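Analysis of the macromolecular model
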Amino acid sequence: MSNQEPQGTPPGAAAPATQQAWLDRYDSSLMGVFGAPQRALVSGSGCYVEDADGKQYLDLLGGIAVNSLGHAHPALVAAVSDQLATLGHVSNFFTSPLQVQLAERLLSLAGAPQGSKVFFANSGAEANEAAFKLARRNSDPAAGRTRILALEGAFHGRTMGALALTAKPAYREPFEPLPAGVEHLPFGDVDALLAAVDETVAAVFLEPIQGEAGVRPLPEGYLRAARDATRAVGALLVIDEVQTGIGRTGKWFASEGVLPDAMTLAKGLGGGFPVGALLTFGETTSTLLAAGMHGTTFGGNPVAAAAALATLSVLESSQVLANVRATGEYLRRELAAMESVAEVRGEGFLIGIDLDEDVAPAAVAAALDAGFIINSTGPATLRLAPPLILTAEQAGSFLDALPGILGAARAASAAPAFSSTTTEGKP
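Just so it is clear, the model here is predicted, and its values are computed rather than measured.

Strands sit in the order S13-S14-S17-S16 across an open sheet of four strands; the sheet is antiparallel. Edge positions in the open sheet fall to strand S13 (341-347) and strand S16 (375-378), since each of these has one partner strand only. Across the sheet, the mean angle from the axis of one strand to that of its neighbour is 25°, orientation sign disregarded. Bridging between strand S14 (residues 350-355) and strand S17 (residues 381-384) involves four bridges; their strand directions are antiparallel. When the bridges of S17 are listed, Asp354 appears paired with Thr381. Against the sheet, helix H13 (residues 360-370) makes contact with S14, S16 and S17, and its axis sits at roughly 175° relative to S16, the strand it touches most.

If you add up the space inside the second largest pocket, you get close to 750 Å³. Taken together, 33 residues make up the lining of the second largest pocket; nearest its centre are Gln99, Val118, Phe119, Phe120 and His294. Elements that contribute at least two residues to the lining of the second largest pocket include exactly helix H4 (97-109), strand S4 (117-121), strand S12 (276-280) and helix H10 (283-286). Classifying every residue of the lining of the second largest pocket by side-chain character gives 14 nonpolar, 18 polar and one charged.

As for its placement among the helices and strands, Ser255 is situated in the loop between strand S10 (236-240) and strand S11 (262-265). A polar contact is formed between the side chain of Ser255 and the side chain of Glu241, at a distance of 2.5 Å. Apart from residues lying up to four places away in sequence, Ser255 is in contact with Pro208, Leu223, Ile239, Glu241 and Met263.

This paragraph deals with the packing of aromatic side chains. All chains considered together, the criterion is met by two aromatic pairs. Taken together, a centroid distance of 5.8 Å and an interplanar angle of 75° make the contact between Phe155 and Tyr171 edge-to-face. With Phe155 in the loop between strand S5 (147-151) and helix H6 (160-165) and Tyr171 in helix H7 (residues 169-172), this pair connects stretches of sequence that are 16 residues apart. Overall, the relative accessible area of 19% leaves Tyr171 in the buried class. The ring of Tyr171 carries the charged tip of Arg158 above its face, separated from the ring centre by 4.0 Å. Over the ring of Phe187 we find Arg216, and its NZ or CZ is 4.1 Å from the ring centre.

Right, let's get into the confidence of the model for the protein. Averaged over the protein, the pLDDT score is 94; the fraction of residues at 70 or greater is 94%. Throughout residues 418-427 the model reports pLDDT below 50, and contacts reaching past four residues in sequence, or to other chains, amount to five contacts.

Our next topic: the side chain of Asn128. Note on placement: Asn128 falls in helix H5 (residues 124-137). Taking the relative accessible area as the measure of exposure, Asn128 reaches 1% and is therefore buried. A distance of 2.9 Å separates the side chain of Asn128 from the side chain of Thr264, its partner in a polar contact. When neighbours within four sequence positions are excluded, Asn128 is seen to be in contact with His156, Ala162, Asp240, Val242 and Thr264.

Cut-offs used in this document
- Residues numbered from 1 in each chain as written.
- Predicted model: local features only at pLDDT ≥ 70, side-chain atom pairs only at ≥ 80, totals over all residues.
- Heavy atoms only, no water.
- Pairing = 2+ DSSP bridges.
- Helix = DSSP H or I, 4+ residues; strand = E, 2+ residues; numbered from the N terminus.
- Axes fitted to C-alpha atoms, helices over the stretch in contact; angles between N-to-C directions.
- Contact = heavy atoms within 4.5 Å.
- 1 Å grid on protein atoms, 1.4 Å probe; cavity = no way out; pocket = protein on both sides within 12 Å on 5 of 7 lines; lining within 4 Å.
- Points joined across faces, edges and corners; volume = space filled by probe spheres on them.
- Nonpolar A, V, L, I, M, F, W, Y, C, P; charged D, E, K, R; others polar.
- Polar contact = N/O pair within 3.5 Å; in protein donor to acceptor, adjacent residues only side chain to side chain.
- Phe/Tyr/Trp six-rings, centres within 6.5 Å; stacked < 30°, edge-to-face > 60°.
- Buried < 20%, exposed > 50% of the residue type's maximum accessible area, 1.4 Å probe, protein only.
- Lys NZ or Arg CZ within 6 Å of the ring centre and 35° of its normal.
- pLDDT = per-residue confidence, 0-100.

Below, the structure written as C-alpha cells:
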C-alpha cells in the first residue's frame, strides 16, 4: 500500500508526502457538504484500509454498509476489470446480458411473483426517488388518495423526493418546500400506523431497521401489520432495504417473510461499485411506470451489473451470510456485556451501540487513533456496519480495544475546549 498521486498532476510536481497535504487540497477544491474528511485513505485490502501516512485501520463501517466483500476482493476486481475491458457502457437505448442476468437474479432472491420487474439506478437515493414516483402513480387525486406515509427517524436519501420521505428536520428545512403529501408517523407504533392507513394513502415507506437513526429495528410484527393494512386499502408497501439488504443482517433481505409491493436496494449490492435498484412485485405494480416516465443514463450499465453479480456470487458461494450471523451475534453479545454500554441493537453486521455517556463523537476520533473506523449516529450512539467478511478474530481485536477507546473518549470530552473555531453548519 502506498500514496497515490492522481493522473493529471503537472509534470515534475511531487506527490503529497502526507495526508495533511491531501486534506488541504480537498479543502481548497471540494464542496464542503460533508465537513472535513477524517483521513485521506489511499488503499485497502480485505477488512483493512491504509491512509496516506501509512497507518492501517480495521474498517468497521464498510463505506457505510457498502463494501460487502471488503476492499480489493479478487472476484470483484476481476469482474469489473474484465467487463470494463469488454463493454463499459451502452446507455439505456440498449441492454446487455449482464443487466438482464442481474435483474433475474434479484427477482429470484426476493421470491418475486410472475410479472415482477427491476429498475436499475446508481444509488439508494435514486432507487427511492424512483419508488417515490411509483407512489405518485398509485395516487388518485380525484378520489383523495394522495397521502404518502413514512416514519419518524426515517432516512431515505437527500434528493428532493427521497428527502421528502426523510424525517430529520436539519436535512429537510434548508430545501423546503419539499414535494407535498408526505406524513411521518411515530416510529414502531402499530396503532398509529393502523389509524393512519386508509383509502387516502397511496403508499407507505418503511426501513426494516433504521440505520441513520441509530440502528432501530421495527418491532416484531410491524411489517406484517403494514402489509395487511396497505393491501386492504390499495396502498403500496415500499420497503427500503438500501442499508439492510444483500446480506447485511445475515439474510438476503431483512424483510424476508413479508412481500412488499416494491423494494429498494443499493449500498452493498455492488460491493463498492455504485448501483441501486427498485424491485416491483407483481404485474399491477410493475406497470405503474411506463415508457418515458422515468430513466437514468448510467443505471444497469454492464460494469455495475458485473460488480453486483460478482458480489452476489461470492456471498452465496463462500458462506458469507453464515459468517454474518455468527460473528454478528458474537459482537452484539460481547458488546452488551461491556461497562459503559447501555444498549446494543441490530441484526447481523448492522449494529447500534448506545453508550451511557454522550461521548460517541469523541469515541469515533479515539477509535481512529487506535486504528479502527466506526461511526456515530448521535451523541451517545455508535454504529458498526463492517464488511460481511469480517472474522471473529478481527471483531475480537475491536472488542479488546473498545474499553480503552471509550476511556480516551471520556477524557477528551471532559477536557476544557480552548479553541474558538466553530463547526456550525457542518454535518
